[in-house]
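# Examination of the molecular architecture
Below are the chains, spelled out letter by letter.
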Amino acid sequence: MKLLLFCLLNLFSVSVLLGAEVDIIWWNVARVGIDTHGAKIPRSKKEKSRNLLLVSQITKLAETHSPEHFIMGEIVETAFPKSFWDKMRRIYHYHKFFSYNSTYPEFGILVFSKTGPHKTIEKNMPWYPAGRESEFKTKWLRPFSDDPHSKTYVQLEYGVHKASYSLIPVHLMQPWMQIEKEFGVLKTLDIMVNEANQPLIYQLASLLKFTKMLTPPGQRFIVIGDFNFPKKILFRKTYAYSLISKNLDMLGKTGGTFKSSFLNLGTPLDLDQVYGRGVRAQSLKVLKSKGSDHHPIYFQFFF
């Protein structure tokens, strides 16, 4: 009996030292059936049907897995019906919407957590180098009349002392469609693999800069979301992946999460990824879904 008690006390001590297991679902739900003008324009029957399907899938995932954090990208907060909020609030005590930018303020990231963060930080992530905004916008924004690429850096800090960590949900810019229109498929693929002087790299550099500013030094953090670049194209590492993997730990491999055939590559791409520092990945799974062009990912870690 004494031996059993001793073992139980030691297991408890180890769990306190390591901290509890934490799990996260990230899903780019692709606008929840809403166009860029949100609820101002009536949706078609097809869009309404897709929206209802997504809502039911989201709540089902939340109820089935009940993760500590449920994060959605590319959503319009007002698109969700009351039934959605009722179900999610029964599971989560905290939620907050973070707008991507001022161009399309209705679009952003929605975070649900079982306990609220004790600190939240928001910063702009520029996609052009200092002093060259006009040059970059002239070159990279020609198909657009405004700037849809600015994104907000979001950092949520949870826990205290040895059990603290920062959660950084990310949805980086997607410049490839307009780059393809301007330069063609082959040049776009070349830019993704070899080019440092392009918009996504500067926005990624902004993200990495902010992660280096985390306090205290050595703070655990998880960066999870839609990075809008695959790790490899035709067996060659993309420039963005080479950059991020030199600065952060890759916390598992997701496989294909983006279902569309991107740039005629003919295969789903691993755009939704997880990186971080100071945590140990337990599992990372792609959850099959309907209604969005992305699959959700389910990530479990401990420290």
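Our structure is the block above this text.
Now for a quick tour of the structure. For clarity, every value in this text was computed on a predicted model and none was experimentally measured.

## Digging into the nonpolar core
Formed by 34 residues in total, the largest nonpolar core has its most connected members in Leu-172, Leu-204, Leu-207, Val-223, Phe-227, Phe-229 and Ile-244. Among the elements of the structure, helix 4 (133-140), strand 7 (165-171), helix 5 (176-183), helix 6 (185-194), helix 7 (199-212), strand 8 (221-226) and helix 8 (239-247) are those that each provide at least two residues to this core. When residues in this core are grouped by element, the largest group, six residues, is from helix 7. Discounting chain neighbours no more than four positions away, the residues touching Val-223 are Ile-168, Val-170, Leu-207, Thr-211, Leu-248, Gln-273, Val-274, Tyr-275 and Gly-276. Membership of the second largest hydrophobic core comes to 27 residues, among which are Phe-98, Ile-109, Leu-167 and Phe-301.

## Let's talk about the sheet that holds strand 14 (residues 297-302)
With mixed pairing, six strands are arranged side by side in an open sheet as 3-4-2-1-14-13. The sheet is open, and its two borders are formed by strand 3 (94-99) and strand 13 (280-286), each paired with just one other strand. Shown here is a sheet whose adjacent strand axes are inclined to one another by a mean of 15 degrees, direction ignored. Across five bridges, the pairing between strand 1 (residues 22-28) and strand 14 is antiparallel. Residue Ile-25 lies in a different strand from strand 14, and its bridge partner there is Tyr-298. Taken strand by strand, helix 3 (residues 82-91) contacts strand 2 (69-76), strand 3 and strand 4 (107-113), and its axis lies near 40 degrees from that of strand 4.

## A few points about the pattern of salt bridges
Counting across every chain of the model gives seven salt bridges. Across the salt bridge formed by Asp-190 and Lys-187, the nearest N and O atoms sit 3.8 Å from each other. One end of the pair, Asp-190, and the other, Lys-187, are both in helix 6, three residues apart, so they sit about a helical turn from each other. The class for Asp-190 is partly exposed, based on a relative accessible area of 35%. Look at Lys-187 and you get partly exposed, because its relative accessible area is 38%. Asp-270 is the salt-bridge partner of Lys-231, the closest N and O atoms lying 3.3 Å from each other. Of this pair, Lys-231 sits in the loop between strand 8 and strand 9 (232-233) while Asp-270 sits in the loop between strand 11 (249-250) and strand 12 (272-277), placing them 39 residues apart in sequence. The same class applies to Lys-231 and to Asp-270, which are both buried.

## Description of the pairing of strand 4
Burial within strand 4 is extensive, with seven of its seven residues counted as buried. Where strand 2 and strand 4 come together, six bridges link them in antiparallel fashion. Paired with His-69 across the two strands is Ser-113, which belongs to strand 4.

## What about a positive patch on the surface?
A surface patch of like charges, here positive, comprises Lys-232, Lys-237, Lys-246 and Lys-253. With respect to the helices and strands, the residue Lys-246 is situated in helix 8. Lys-246 gets classed as exposed once you look at its relative accessible area, which sits at 69%.

## Side note on the sheet that holds strand 8
Strand order across the open sheet formed by six strands is 5-6-7-8-12-11, with mixed pairing between neighbours. Only two strands of the sheet have a single partner each, and these edge strands are strand 5 (119-125) and strand 11. Sheet topology note: the strand 8/strand 12 ladder contains six bridges and is antiparallel. Among the inter-strand pairings, Gly-225 is bridged to a residue of strand 12, identified as Gln-273. Helix 7 rests against strand 5, strand 6 (151-158), strand 7 and strand 8 of the sheet, and its axis sits at about 150 degrees to strand 5.

## Comments concerning the packing of aromatic side chains
In the structure shown here, the tally under the stated rule is 14 aromatic pairs. Relative to Tyr-128, the ring of Trp-127 lies with its centre 5.2 Å away and its plane at 75 degrees, an arrangement referred to as edge-to-face. Neither residue differs from the other here; Trp-127 and Tyr-128 are each classed as buried. Consider the rings of Phe-136 and Tyr-202, whose centres lie 5.3 Å apart with planes at 85 degrees: the pair is edge-to-face. With a gap of 66 residues between them, Phe-136 in helix 4 and Tyr-202 in helix 7 connect regions that are remote in the sequence. Since its relative accessible area comes to 23%, Tyr-202 is described here as partly exposed. Chaining the aromatic ring pairs together yields one cluster made of Phe-80, Phe-84, Trp-85, Tyr-92 and Phe-112. Sitting over the ring of Tyr-100, Lys-151 keeps its end group 4.5 Å from the ring centre.

## Here we look at helix 5
Considered for burial, the residues of helix 5 that qualify are Trp-176, Gln-178 and Ile-179. Projected onto a plane normal to the axis of helix 5, the buried residues spread over an arc of 160 degrees and lie on a single side. As for helix 5, its buried residues are in contact with helix 4, helix 6 and helix 7. The first or second residue beyond helix 5 is Gly-184, which carries a positive phi of 90 degrees.

The rules behind these values
Residues numbered from 1 in each chain as written. Predicted model: local features only at pLDDT ≥ 70, side-chain atom pairs only at ≥ 80, totals over all residues. Heavy atoms only, no water. Core = buried A, V, L, I, M, F, W, Y, C linked by side-chain atoms within 4.5 Å. Buried < 20%, exposed > 50% of the residue type's maximum accessible area, 1.4 Å probe, protein only. Helix = DSSP H or I, 4+ residues; strand = E, 2+ residues; numbered from the N terminus. Contact = heavy atoms within 4.5 Å. Pairing = 2+ DSSP bridges. Axes fitted to C-alpha atoms, helices over the stretch in contact; angles between N-to-C directions. Salt bridge = Lys/Arg side-chain N within 4 Å of Asp/Glu carboxyl O. Patch = residues over 30% accessible without salt bridge, like charges linked within 9 Å, V, L, I, M, F, W, Y side chains within 5 Å. Areas by Shrake-Rupley, 256 points an atom, 1.4 Å probe, with all protein chains shown as cover. Lys, Arg positive; Asp, Glu negative; His and termini not counted. Charge placed at Lys NZ, Arg CZ, Asp CG, Glu CD. Phe/Tyr/Trp six-rings, centres within 6.5 Å; stacked < 30°, edge-to-face > 60°. Lys NZ or Arg CZ within 6 Å of the ring centre and 35° of its normal. Arc of directions from axis to C-beta.

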